[in-house]
Amino acid sequence: MFETMLNQPTQVELEENLNTVEQRLDEPTLEEVERAVNMLKNRKAPGEDAIVAELLKEGGKELMTRLKRLVDNIWKQ
């Protein structure tokens with residue numbers, strides 16, 4: 001018990017593990033973006049961008065494709 005309590009990973013080891021995990025993440029698929037949009041709650045106040053969830057949900061395939069492209073660009077930065 002004391003051995004595991006006293007032998008905790010160092011900050012450097014924790015950061016190395018974090019970097020490894022981040023490098024393995026693939027960009028979200030179109031289906032994941034669509035699922036995330038569909039999970040948004042209706043009739044909620046919009047954020048600073050003034051975009052309500054209903055607008056995103058009714059945008060169709062064209063909007064989902066453009067939103068996916070935006071997510072991809074952000075993901076790569």
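A brief look at the structure comes next. Remember, predicted model here, so these are calculated numbers, not experimental data.

On to the overall build of the protein, then. Check the secondary structure of the protein and you find five helices and zero strands. Starting at the N terminus, the α and β elements of the protein follow one another as α-α-α-α-α. A fraction of 56% describes how many contacts in the protein between residues 6 or more apart in sequence connect residues 24 or more apart. Total accessible area on the protein stands at roughly 7000 Å², and carbon and sulfur atoms take up 55% of it.

Along helix H3 (residues 30–38), the residues that are buried comprise Val-33, Glu-34 and Val-37. Projection of H3 onto a plane perpendicular to its axis shows the buried side chains occupying an angular sector of 100 degrees, all on one side. Summarising the contacts, the buried residues of H3 are in contact with helix H4 (53–57) and helix H5 (60–76).

Reading guide: rules and limits
- Residues numbered from 1 in each chain as written.
- Predicted model: local features only at pLDDT ≥ 70, side-chain atom pairs only at ≥ 80, totals over all residues.
- Heavy atoms only, no water.
- Helix = DSSP H or I, 4+ residues; strand = E, 2+ residues; numbered from the N terminus.
- Contact = heavy atoms within 4.5 Å.
- Areas by Shrake-Rupley, 256 points an atom, 1.4 Å probe, with all protein chains shown as cover.
- Buried < 20%, exposed > 50% of the residue type's maximum accessible area, 1.4 Å probe, protein only.
- Arc of directions from axis to C-beta.

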